[in-house]
Amino acid sequence: MAWTPLSPPRPIAGTGQNLTVGASSVSSTAVGSETQMVRLSATTNCHVRTGNGTVTAVATDMLIKTTDGPLIIGIGPGDKIAVIEDSAAGVLNIVEMTY
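Scope of this entry: the structure provided in the associated data block. Because the structure is predicted, anything quoted here is derived from the model rather than measured.

**Quick word on the sheet that holds strand 3 (residues 26–27)**
Next up, step 1: Judged by pairing direction, the sheet is antiparallel, and its 4 strands sit side by side in the order 3-8-5-6 without closing on themselves. Strand pairing shows two members of the sheet lacking a second neighbour, strand 3 and strand 6 (62–64), which therefore form its edges.
Next up, step 2: As paired strands, strand 3 and strand 8 (residues 80–85) are joined by 2 bridges and run antiparallel to one another. Directly across from V26, in strand 8, lies its bridge partner V83.

Have a look at this one:
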């Protein structure tokens, strides 16, 4: 069986969003139709939830830690990302990506 290399994901130009992370959940705008994943990077520990429609993050959702590198997660076209702080305010950077 032949080995087929995969192309690395690439950012989609002009799709970056910065969300202000605080004590209340905030949500991004919907990602585009070409988006297959997002790259998440935060200046503070925070909790993230993805979904379609109204999305609200809570303290038991996926934890993004500042001590970890950027995280790439799969997402569907039209989905949104919601974020809430773990213990301090900061910024969550979101970049849409595709193959």
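Having seen it, we continue.
**Observations regarding the pattern of salt bridges**
Next up, step 1: Overall, the coordinates contain 1 salt bridge when judged by the stated rule.
Next up, step 2: D61 is the salt-bridge partner of R49, the closest N and O atoms lying 2.9 Å from each other. Remark: D61 occurs in the loop between strand 5 (46–51) and strand 6 and R49 occurs in strand 5; sequence separation between them is 12 residues.
Next up, step 3: You can call R49 partly exposed: its relative accessible area is 34%.
Next up, step 4: On the accessibility criterion, D61 (14% relative accessible area) is buried.

**With respect to the nonpolar core**
Next up, step 1: Ranked by internal contacts, the top residues of the largest apolar core, which has 15 residues, are V38, L40, C46, V48, I81 and L92.
Next up, step 2: Broken down by secondary-structure element, the contributors of at least two residues to this core are strand 2 (17–21), strand 4 (37–42), strand 5, strand 8 and strand 9 (90–98).
Next up, step 3: Here L40 is in contact with V48, I64, P70, L71, I73, L92, N93 and I94, once residues within four sequence places are set aside.

**Some thoughts on the environment of I12**
Next up, step 1: On the secondary structure map, I12 appears in the loop between strand 1 (10–11) and strand 2.
Next up, step 2: For I12 and I84, which are 72 residues apart along the polypeptide, the C-alpha to C-alpha distance reads 25 Å.
Next up, step 3: Residues contacting I12, with those up to four places away along its chain left out, are E34, T35, E96, M97 and T98.

**Digging into the side chain of T98**
Next up, step 1: Examined against the element boundaries, T98 turns out to sit in strand 9.
Next up, step 2: Of the residues examined, T98 reaches a relative accessible area of 8% and is grouped as buried.
Next up, step 3: A distance of 3.1 Å separates a polar side-chain atom of T98 from the backbone oxygen of E34.
Next up, step 4: Among the polar contacts listed, one links the side chain of T98 to the side chain of Q36, at a separation of 3.2 Å.

**Focus: the environment of S28**
Next up, step 1: Within the fold, S28 resides in the loop between strand 3 and strand 4.
Next up, step 2: The class for S28 is buried, based on a relative accessible area of 5%.
Next up, step 3: S28 sits 18 residues away from R10 along the chain, and the two C-alpha atoms are 20 Å apart.
Next up, step 4: If we ignore the near neighbours within four places in the chain, the residues touching S28 are Q17, L19, K80, I81 and I94.

Rules of the game
- Residues numbered from 1 in each chain as written.
- Predicted model: local features only at pLDDT ≥ 70, side-chain atom pairs only at ≥ 80, totals over all residues.
- Heavy atoms only, no water.
- Pairing = 2+ DSSP bridges.
- Helix = DSSP H or I, 4+ residues; strand = E, 2+ residues; numbered from the N terminus.
- Salt bridge = Lys/Arg side-chain N within 4 Å of Asp/Glu carboxyl O.
- Buried < 20%, exposed > 50% of the residue type's maximum accessible area, 1.4 Å probe, protein only.
- Core = buried A, V, L, I, M, F, W, Y, C linked by side-chain atoms within 4.5 Å.
- Contact = heavy atoms within 4.5 Å.
- Polar contact = N/O pair within 3.5 Å; in protein donor to acceptor, adjacent residues only side chain to side chain.

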